[in-house]
Amino acid sequence: MTELMLALDVLTRAEAMDIAEKTYPYIDAIKIGYPLVLGSGLSVARDLAEFDLPLIADFKVADIPNTNRLIAEHVFEAGFSGIITQGFTGRDSVSACVDVAHNAGGKCYVVTEMSHPGALDFMGEGVAERLAELAVECNADGIIAPATRPERVKALRQIIGSKKILSPGVGAQGGSAEEIAPLIDSMIVGRSIYNSEDPAKAAQSYSCVRDL
Ligand code: U5P
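Position labels on residues start from 1 in each chain and follow its written sequence. In keeping with the predicted nature of the model, local features appear solely for residues at pLDDT of at least 70, side-chain atom pairs appear and are counted solely at 80 or more, and the whole-chain, interface and lining totals rest on all residues. The basis for every side-chain value is the complete set of non-hydrogen atoms in the structure, without hydrogens or water.

Asker: How would you summarise the overall build of the protein if you had to cite specific residues and measurements?
Answerer: Only DSSP runs of H or I reaching four residues or more are called helices, and only runs of E reaching two or more are called strands; each is numbered from the N terminus. Secondary structure summary: the protein contains 10 helices and 8 strands in total. Over its C-alpha atoms the protein spans a radius of gyration of 16 Å, differing by no more than 12% from the 17 Å that the globule rule assigns to 212 residues. Principal-axis analysis of the C-alpha atoms places the extent of the protein at approximately 40 × 35 × 30 Å. For each residue, the accessible area found with a 1.4 Å probe, counting protein chains only, is set against the maximum for its type, and the residue is called buried under 20%, exposed over 50%, and partly exposed in between. Per-residue burial over the protein gives 53% buried out of 212 residues. Using the Shrake-Rupley algorithm and a 1.4 Å probe, accessible areas are obtained, with residue cover drawn only from the displayed protein chains. Surface exposure of the protein reaches about 9,400 Å², of which carbon and sulfur atoms provide 51%. Our radius of gyration is a C-alpha quantity, and the globule rule it is checked against amounts to 2.2 Å times the number of residues to the power 0.38.

Asker: Which residues make up the sheet that holds strand E3 (residues 55–61), and what values go with them?
Answerer: If you trace the 8 strands once around the closed barrel, you get E1-E2-E3-E4-E5-E6-E7-E8, paired in parallel fashion. Recorded for the sheet is a direction-independent mean angle of 25 degrees between the axes of neighbouring strands. Taken together, the 4 bridges between strand E2 (residues 29–33) and E3 define a ladder with parallel strand orientation. Residue pairing in the sheet places Ile32 in a bridge with Ala57 of E3. Throughout, a contact is declared for two residues whenever any of their heavy atoms are within 4.5 Å. Axis definition: a line fitted to C-alpha atoms, limited for helices to the stretch in contact. Angles are taken between N-to-C directions and run from 0 to 180 degrees. Against the sheet, helix H4 (residues 65–77) contacts E3, strand E4 (82–86) and strand E5 (107–111), and its axis sits at roughly 155 degrees relative to E4. Where helix H5 (residues 91–103) meets the sheet, its contacts fall on E3, E4 and E5, and the angle it forms with E5 comes to roughly 155 degrees. DSSP calls a pair of strands paired once it identifies at least 2 bridges connecting them.

Asker: Report on the site of the ligand, specifying residues and quantitative values.
Answerer: Here a residue is considered near a molecule or strand provided that any single heavy atom belonging to it is located within 4 Å of it. Around the ligand sit 14 residues in total, of which Asp9, Lys31, Ser115, Gln173 and Arg191 are the nearest. N or O atoms within 3.5 Å of each other form a polar contact, as long as, within protein, one can give a hydrogen and the other can take it, and as long as residues adjacent in sequence are counted only when both atoms are side-chain atoms. At 2.6 Å from a nitrogen atom of the ligand is found a side-chain nitrogen or oxygen belonging to Ser115. Burial of the ligand by the protein chains amounts to 87% of its free accessible area of 460 Å². Counting only elements with at least two residues in the shell around the ligand, the list comes to E3 and strand E8 (186–189).

Dropping the structure here:
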């Protein structure tokens, strides 16, 4: 089964609660990051807890181990169940996030190759494979890999085995839900749901990925 994760990149608490209220029956998790947290404060995590779904903090943490640890501690104290970290900062920085996550009973996911075109300037073939290996070595729970490049997701799957693949890039970035769903564990969709005239209907249509 492929889960559907809503990327809730709206800018205010009111909008976030409105979209979550409309879509929660069709989604399996919510991901928020800088747009919403900088717009509404970290406490929005407590409000979203009302929907009783896993809540992932997409801060793409990318600092020295001590700073990563401090950031991750804030995240889990705020009520998140998972955190996304960059991997290029190296094994000690990634391990800091994984350790805090696991001590809190949460999950940590490592970015390998991003979904936008410019990701290939630095993060393409070769580097992404090394980042996936690092995710395995650091005992992370999974990776972020691009729905815009299914062939790359297949290659990264060979490295991470049964660890989770969370995959953004469907819809607004041009990726195909039908093509990527069988290759991944969780499909991340943002604008194609929250900018839709009918977010509930859009979420429902993407939720069919569970059966693909
Ligand atoms: N995201 C990507 N690509 C990555 C990593 C993360 O798009 O490689 C995030 C974006 O920051 C956004 C969501 O929160 O996934 C995709 O949103 P959308 O393009 O579906 O609106």
